[in-house]
Amino acid sequence: MSTMAVPDVAVASVDEGYWTRTRKVGLVLLALGLLATVLFGALATGEQARFTLSEDAAGAALEIHGTVGAVLFGLITLAAGAAMLARLPKRWFIPVLAVGLVAFVLSFLCWQVSAAPTGQNFMPLVNIVRGTFLLALPLIFGSLAGVLCERSGVVNVAIEGQLLMGAFSGALFGSISGSVWVGLVAAAIGGSFISLLLAVFSIKYLVDQVVMGIVLNLLALGITGFLYERLMQTDAARYNSAPRFSDWEIPLLSDIPVLGPALFRGNIFLYLALVLVLVIHIALFRTRWGLRTRSVGEHPTAADTLGVKVLGLRYRNVIMAGAIAGIGGASYTLALFSFTKNMIGGKGFIALAALIFGRWSPTGALLAALFFGFADQLATYLGAINSVIPGQFLAMLPYLATILAVAGLVGRVRAPAADGKPYIKG
């Protein structure tokens, strides 16, 4: 008796039934909209929620009645959820989802800002946007490093170690030399060192890439922690007092309301991150190098047949990725803080989540990093206005956003086909 094969797509559609991914997300939006309309609307006050277009309470502002705003934006979230439960065309999924989530956040902010103590019931949008980008910087660099590696077929779980080694190297050599540029180069070399180990053991010796990444994170933590105690703690003035990059203001562009002061009065790391996103995106999807990189990550055997040097390309891309992540680590120690043990604090793993959330695309990774940066900045702002929400929950916000984004909002994502699979040349 012969059997008829049923296509996988058909099976998936039958198994999914009525509750498609769109309808599941719509149900979640309905629940969020109900929460915003009922709870946030009840907790909001009759005070005006002011969103100032400056760095303080002065100047122009967008104002809305606290209760009205909370209820109105909650209803918009409900409408977005209802639209998804209906027969929403696939091309409208992302826009409607974005509208629903933004409306939910605005409803929440109307409650929080209107209920803040007198004199604090305002949100300075310039500070929020600036803080979002500053907190997202290591995530942008780290996720770009992940894009280069995983598009080449190498899983990069060692982003945490690359960021940490970059931060340490930048602080140490920047302090010794007294030059921010020496520190920047040292940070790139430090990140590349971790990447070189990842490349050698995973590409040449075929060690499991995920395990190797975890081991390298622990190695970076151990090396930097040991040298910090031996050098930096004993003589901080000599080994942990690196100079800082100053802010560069771009004329005219810096006068744009809200975005101008936040984006065009920044340090070199902000500008470099945005330029790298653009350059890597164009290179990855518009150049021969990008075509070869993507082919190596999808089907290395076919790429090898066409003359692409698979192993050599993987080596170069992984090491280059480490340099980028190392520079991201230096955005801490050459712009903001002195080095401390384990100062990255899990940002490398959030960068890995941003990479997945952004679907292995430079621009997608940028948007995901900004999403996580905003969650972090929002926690800081709510703590400053003495929010009734417990401080422990506020500190948990960025990580909760990471879980929700990767597990609930991304849906089904497909990594490059050869990602994590060693290539043995025949």
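Thresholds applied
- Residues numbered from 1 in each chain as written.
- Predicted model: local features only at pLDDT ≥ 70, side-chain atom pairs only at ≥ 80, totals over all residues.
- Heavy atoms only, no water.
- Pairing = 2+ DSSP bridges.
- Helix = DSSP H or I, 4+ residues; strand = E, 2+ residues; numbered from the N terminus.
- Axes fitted to C-alpha atoms, helices over the stretch in contact; angles between N-to-C directions.
- Contact = heavy atoms within 4.5 Å.
- pLDDT = per-residue confidence, 0-100.
- Phe/Tyr/Trp six-rings, centres within 6.5 Å; stacked < 30°, edge-to-face > 60°.
- Buried < 20%, exposed > 50% of the residue type's maximum accessible area, 1.4 Å probe, protein only.
- Patch = residues over 30% accessible without salt bridge, like charges linked within 9 Å, V, L, I, M, F, W, Y side chains within 5 Å.
- Areas by Shrake-Rupley, 256 points an atom, 1.4 Å probe, with all protein chains shown as cover.
- Salt bridge = Lys/Arg side-chain N within 4 Å of Asp/Glu carboxyl O.
- Lys, Arg positive; Asp, Glu negative; His and termini not counted.
- Charge placed at Lys NZ, Arg CZ, Asp CG, Glu CD.
- Parallel < 35°, antiparallel > 145°, perpendicular 65-115°, else oblique.
- Left-handed = near helix turned anticlockwise from the far one by under 90°.
- Core = buried A, V, L, I, M, F, W, Y, C linked by side-chain atoms within 4.5 Å.

> What exactly am I supposed to notice about the sheet that holds strand 1 (residues 48–52) here?
Hydrogen bonding along the main chain pairs the strands of a sheet, whether they run parallel or antiparallel. Spatially, three strands are ordered 2-1-3 in an open sheet, and the strand pairing comes out mixed. Strand pairing shows two members of the sheet lacking a second neighbour, strand 2 (61–65) and strand 3 (122–124), which therefore form its edges. Direction aside, neighbouring strands of the sheet carry axes that sit 15 degrees apart on average. Helix 4 (residues 93–114) rests against strand 1, strand 2 and strand 3 of the sheet, and its axis sits at about 105 degrees to strand 1.

> What is the right way to look at the confidence of the model for the protein in this model?
Do not read the predicted coordinates in detail wherever pLDDT is low. Per-residue pLDDT for the protein averages 89, and the proportion of residues at 70 or more is 92%. Averaged pLDDT values over the elements of the protein bottom out at 43 in helix 1 (residues 8–16) and peak at 97 in helix 6 (residues 159–177).

> How should the packing of aromatic side chains be read in this particular structure?
The description of two aromatic rings rests on the distance between their centres and on the angle between their planes. Tallying each qualifying case throughout the model produces 13 aromatic pairs. Taking the centre distance of 5.6 Å and the plane angle of 85 degrees together, the rings of Phe108 and Trp111 count as edge-to-face. With Phe108 and Trp111 both in helix 4 and three residues apart, this pair spans about one turn of that helix. Accessibility classification places Phe108 together with Trp111 in one group, the buried group.

> Is there a simple way to explain a positive patch on the surface in this structure?
Judged by side-chain charge, Arg288, Arg292, Lys309 and Arg316 come together as a positively charged surface patch. Checked against the element boundaries, Arg316 lands in helix 14 (residues 310–333). Residue classification places Arg316 among the exposed residues on the basis of a relative accessible area of 53%.

> How do you make sense of the packing of helix 6 against helix 14 when you look at a structure like this?
For any two helices packed against each other, the geometry comes down to the angle between their axes and how far apart the axes lie. Where helix 6 meets helix 14, the closest approach of the two axes is 6 Å, and the angle between their N-to-C directions is 55 degrees. In terms of orientation, helix 6 lies oblique with respect to helix 14. The handedness of the crossing between helix 6 and helix 14 is right-handed. Residue-level inspection shows Gln162, Leu163, Gly166, Ala167, Gly170 and Ala171 of helix 6 in contact with helix 14, the latter providing Ala321, Gly322, Ala325, Gly326, Gly328, Gly329, Ala330 and Thr333.

> Please explain the side chain of Ser143 as it appears in this structure.
With respect to the helices and strands, Ser143 occurs in helix 5 (residues 125–151). For Ser143, a relative accessible area of 1% puts it in the buried group.

> Is there a simple way to explain the nonpolar core in this structure?
Proteins that are soluble and globular tend to have nonpolar side chains buried together. Core analysis: the largest hydrophobic core is formed by 100 residues, its most contacted members being Met123, Phe269 and Phe339. The element that contributes the greatest number of residues to this core is helix 5, accounting for 14 residues. When near neighbours in sequence (up to four residues on either side) are disregarded, Met123 contacts Arg50, Phe51, Thr52, Leu109, Val113, Ile128, Leu378 and Tyr381. Listed in part, the eight residues of the second largest apolar core include Ala80, Phe93, Val96 and Leu97.

> Quick question: what am I supposed to make of the pattern of salt bridges here?
Across all of its chains, the model carries six salt bridges by this definition. The salt bridge involving Glu55 is made with Arg130; its shortest N-O contact spans 3.3 Å. Remark: Arg130 occurs in helix 5 and Glu55 occurs in the loop between strand 1 and strand 2; sequence separation between them is 75 residues. Connected via shared salt-bridge partners are Glu249, Asp255 and Arg265.

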